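# Structural description and commentary
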Amino acid sequence: LAKTTQPISMDSYEGQEVNITCSHNNIATNDYITWYQQFPSQGPRFIIQGYKTKVTNEVASLFIPADRKSSTLSLPRVSLSDTAVYYCLVGAGNTPLVFGKGTRLSVIA
Amino acid sequence: NAGVMQNPRHLVRRRGQEARLRCSPMKGHSHVYWYRQLPEEGLKFMVYLQKENIIDESGMPKERFSAEFPKEGPSILRIQQVVRGDSAAYFCASSPTGAPTGMQYFGPGTRLTVT
């Protein structure tokens, strides 16, 4: 059973900001929140990771409220090449990851 | 620093044959995880190994499937007497010991087709 819940799909136009929210009500104290991106026929690729508050890197931002029961991945100014499936996962240490179905983002020109 | 490597990238087997999938983790990583992905589905955990030991095989079918991670060489996922339902993409991931954040690095996958 997946530990996270996220929308099945989202559509966006090029140049817009996209926010994908993930629920993880039963997140454990030592769990981190990690987002992966997967293109067809490729392995998941790490995008961003955080524990609390806000994290930003060159690709995305991750917003985590104080209760950590949800998180939001923000992709600024998406392009067609951002069309992919995005997975939100929680976990810590050397434990297997539990994937849900992810969010299928379609970027339209 | 090479990432996780998997080979072959594509593998075609007839029903009843054996399939061997190889995974070389990132340098310095001693933890290996195998996941299976069916079309339009998320990845499903199969087995977690550390050098020479199986730590967790709760996601692996009891029959026909086995995995190893020897002291030297890559990790091997072996599927005996393949059936059409084994057709899927198999991904390997690795992580270093003591990684607190749970992050894993994924390989490109092996796409198995059973005819």
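Here the structure is shown first, and the text comes after it.
Residues numbered from 1 in each chain as written. Chains lettered and ligands numbered in written order. Predicted model: local features only at pLDDT ≥ 70, side-chain atom pairs only at ≥ 80, totals over all residues. Heavy atoms only, no water.

### A word on the overall build of chain B
How we decide: Secondary structure counts use DSSP, requiring at least four H or I residues in a row for a helix and at least two E residues in a row for a strand, with both numbered from the N terminus. Throughout, radius of gyration means the C-alpha value; the globule benchmark is 2.2 Å times the number of residues raised to the power 0.38. Note on exposure labels: buried denotes an accessible area under 20% of the residue type's maximum, exposed denotes more than 50%, and partly exposed covers the range between, all computed with a 1.4 Å probe on protein chains only. What makes two residues a contact is simply this: any of their non-hydrogen atoms within 4.5 Å.
Of the regular secondary structure elements, chain B holds 0 helices and 11 strands. Counting from the amino terminus, helix and strand elements in chain B follow one another as β-β-β-β-β-β-β-β-β-β-β. In terms of overall dimensions, chain B is globule-like: its C-alpha atoms have a radius of gyration of 13 Å, near the 13 Å expected for 115 residues. In terms of principal-axis extent, the alpha carbons of chain B reach across some 40 × 25 × 25 Å. The buried share of chain B, taken over its 115 residues, is 44%. Put simply, of all contacts in chain B between residues at least 6 apart along the chain, 53% involve residues at least 24 apart.

### Some details on the interface of chain B and chain A
Quick reminder of the rule: Within 3.5 Å is the distance limit for a polar contact, defined as a pair of N or O atoms, with the added protein rule that one can donate a hydrogen and the other accept it, and that residues adjacent in sequence qualify only through two side-chain atoms. Ten residue types, Ala, Val, Leu, Ile, Met, Phe, Trp, Tyr, Cys and Pro, are classed as nonpolar, four, Asp, Glu, Lys and Arg, as charged, and the remainder, Gly among them, as polar.
Counting residues at the interface gives 27 residues for chain B and 23 residues for chain A. Where chain B packs against chain A, one counts 10 residue pairs in polar contact (both at pLDDT 80 or more). Here the element with the most residues in the side of chain B that touches chain A is strand β4 (residues 31–37) of chain B; it accounts for 4 residues. For the side of chain B that touches chain A, a count of residues per class yields 12 nonpolar, 10 polar and 5 charged.

### Considering the sheet that holds strand β7 (residues 65–68) of chain B
Residues and elements named next belong to chain B. Filter applied, for reference: Two strands qualify as a pair provided DSSP detects at least 2 bridges between them. As a rule, the C-alpha atoms of each element are fitted with a line to give its axis, helices using only the stretch in contact, and angles between N-to-C directions run from 0 to 180 degrees.
Read from one edge to the other, the open sheet built from 4 strands follows the order β1-β3-β8-β7, with strand pairing classed as antiparallel. Every other strand in the sheet has two partners, leaving β1 (5–7) and β7 as the edge strands with one partner each. Put simply, the sheet's adjacent strands are angled 15 degrees from each other on average, direction ignored. Here β7 pairs with strand β8 (residues 75–79) via 4 bridges, running antiparallel. Opposite Ser66, over in β8, you have Arg78 as the bridge partner.

### A closer look at the pairing of strand β6 (residues 61–64) of chain A
All names here are of chain A. Strand direction decides the pairing type here: strand β5 (residues 53–56) and β6, joined by 4 bridges, are antiparallel. For Thr53, the partnering residue across the bridge sits in β6 and is Ile64. Remark: 4 residues form the turn of the hairpin made by β5 and β6, two consecutive strands paired antiparallel. Bridge count for β6 against strand β7 (residues 70–75) is 3 bridges, and the pairing is antiparallel. Looking at the pairing, Ser61 lines up with Ser74 of β7. Connecting the antiparallel pair β6 and β7 is a turn made up of 5 residues, with Arg68 showing a positive phi of about 60 degrees.

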